[in-house]
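Geometric and topological summary
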Amino acid sequence: MNSVTEPLVRLAARVDAIQPFYVMELAKEAALLERQGRDIIHMGIGEPDFTAPDQVIEAATSAMRRGVTQYTSALGLHALREAIAGHYANAYGIDVDPARIVVTAGASAALLLACTALVDRDDEVLMPDPCYPCNRHFVAAAEGKPVLVPSSPAERFQLTAADVERLWNQRTRGVLLASPSNPTGTSIEPAELKRIVEAVRARGGFTIVDEIYQGLSYGAPPVSALSFGDDVITVNSFSKYFNMTGWRLGWLVVPPSLVGAFEKLAQNLFICASALAQHAALACFEPDTLAIYEARRLEFKRRRDFIVPALESLGFKVPVMPDGAFYVYADCSQVAHSAAGDSAALTTAMLHDAGVVLVPGMDFGNHAPRSYIRLSYATAYSKLEEAVERLHGFFGR
Ligand SMILES: Cc1ncc(COP(=O)(O)O)c(C=O)c1O
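Keep in mind it's a predicted model, so treat the numbers as computed, not measured.

**Comments concerning the packing of aromatic side chains**
All chains considered together, the criterion is met by 21 aromatic pairs. Residues Y88 and W251 carry aromatic rings whose centres are separated by 6.3 Å and whose planes lie at 85 degrees to one another, so their mutual orientation is edge-to-face. Of this pair, Y88 sits in helix α3 (residues 78-92) while W251 sits in strand β8 (residues 250-253); the two residues are 163 residues apart in sequence, bridging distant segments of the chain. Residues Y88 and W251 agree in their burial class; the two are buried. Taking 4.9 Å as the distance between ring centres and 80 degrees as the angle between the ring planes, the aromatic pair formed by F394 and F395 counts as edge-to-face. Accessibility assignment for this pair places F394 and F395 in one class, buried. Taken together, the aromatic side chains of Y88, Y92, F238, Y241, F242, W251, F285 and Y293 make up a single cluster linked through ring pairs. One residue, R302, lies across the ring of Y381, its end atom 3.8 Å from the ring centre.

**Quick look at helix α12 (residues 381-395)**
Helix length check: α12, at 15 residues, gives a terminal C-alpha distance of 21 Å against a target of 21 Å (1.5 Å per residue), a fit within 8%. Of all the positions in α12, only Y381, L384, A387, V388, L391, F394 and F395 are classed as buried. For α12, the angular spread of the buried residues around the axis is 125 degrees, confining them to a single face. Exposed and facing more than 90 degrees away from the buried side of α12 are E389 and G393. The inward-facing, buried residues of α12 abut β1 (41-42), α10 (287-313), α11 (343-354) and β10 (356-357). Positive backbone phi, approximately 65 degrees, marks G396, located one or two places after α12.

**A closer look at the sheet that holds strand β5 (residues 172-178)**
An order of β2-β8-β7-β6-β5-β3-β4 is seen for the seven strands of this open sheet, with the pairing classed as mixed. Both outer strands of the open sheet, β2 (101-104) and β4 (145-150), are each paired with one neighbouring strand and no more. Strand-to-strand twist across the sheet, computed as the mean angle between neighbouring axes with direction ignored, equals 25 degrees. In terms of strand pairing, β2 meets β8 through four bridges, oriented antiparallel. In the strand pairing of β8, V103 is matched with W251. Its contacts with the sheet put helix α4 (residues 106-118) on β2, β5, β6 (206-210), β7 (233-237) and β8, and the angle it makes with β7 is roughly 160 degrees.

Conventions adopted
Residues numbered from 1 in each chain as written. Predicted model: local features only at pLDDT ≥ 70, side-chain atom pairs only at ≥ 80, totals over all residues. Heavy atoms only, no water. Phe/Tyr/Trp six-rings, centres within 6.5 Å; stacked < 30°, edge-to-face > 60°. Helix = DSSP H or I, 4+ residues; strand = E, 2+ residues; numbered from the N terminus. Buried < 20%, exposed > 50% of the residue type's maximum accessible area, 1.4 Å probe, protein only. Lys NZ or Arg CZ within 6 Å of the ring centre and 35° of its normal. Expected span 1.5 Å × (residues − 1). Arc of directions from axis to C-beta. Contact = heavy atoms within 4.5 Å. Pairing = 2+ DSSP bridges. Axes fitted to C-alpha atoms, helices over the stretch in contact; angles between N-to-C directions.

If you want it as structure tokens, here you go:
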């Protein structure tokens, strides 16, 4: 169709507030190189290389055959909400009332629902910089204002209670955190998280903690923000720990008093999350499936333990050891390359010269983005080894 004759459709102003993903441009370039026959190692995308275990696939197939594919309650299947509550008890030792669990189409729908429910026009929401890029866009989609708070290695790249005390003003409504974080893989120390929750509570605000990577923790046993009070809202998902990205399933735990409001919004915005995915996810909590996930968690830890020293041997600095997720946020300002300190130019050069995809810091905020790259080790160990070898050649080491 000739675009000149198309009527001009005016976009809503909020679209302008959403920035494109830089990594998508790199992914496009990588795809082009692959079409030209180049072998590219992908360490850009934040998606497990593992897929759903057989038990989950069988549960999905059986649900399909049984025809249990109608809409579910907007809050999710009762059995799934009970299974998720059981998982909190078994894995984290905390008691969560299944009635507080809202099943969603991934953490993305959970975050959209939470921002739609809690953020009014021009409300400010504090979040660390760097952080998961979509967080600022969920707030912007609700016409709120994301306030990116520069955070450095000293704060484990996370927001602090001192930030909350310093930056809270009349327009601030709450904080949006992720622990462990994307892009840094660092979690908030439990004592600090408790102080943040208390500081926000004292100001009458909301605390949303995205715990999507909590199952992938490699240090001390993780502590859910739900331990610090029923007023905390947490977000979680079957995408990362449960290796079900494309199934689009996640959940929220919300304060008892907010369940009705979230249910009303979920009914209207989504009707429900995928019934098939919900039936399949019931199998995630069976002991033999959990054993598979535990083995995969240990494999991610093995990859982290390989890649962090390997990056350091290449001249990158990893100022905080990531204790979760599958990311390393590495300082590239002192690597031996003319593009050191310009992560965009460096990642482009690494793609073209070494055939390795990494993400430049710009995708994650405005605080020193040119000094950092994000590496995702959600790819096979042998690929990581090969990538490191290629990068040794790239840096001439
Ligand atoms: C911190 C964080 N939150 C949420 C999401 C979205 O996940 P989902 O697939 O559950 O929508 C991602 C995906 O990368 C993420 O990294």
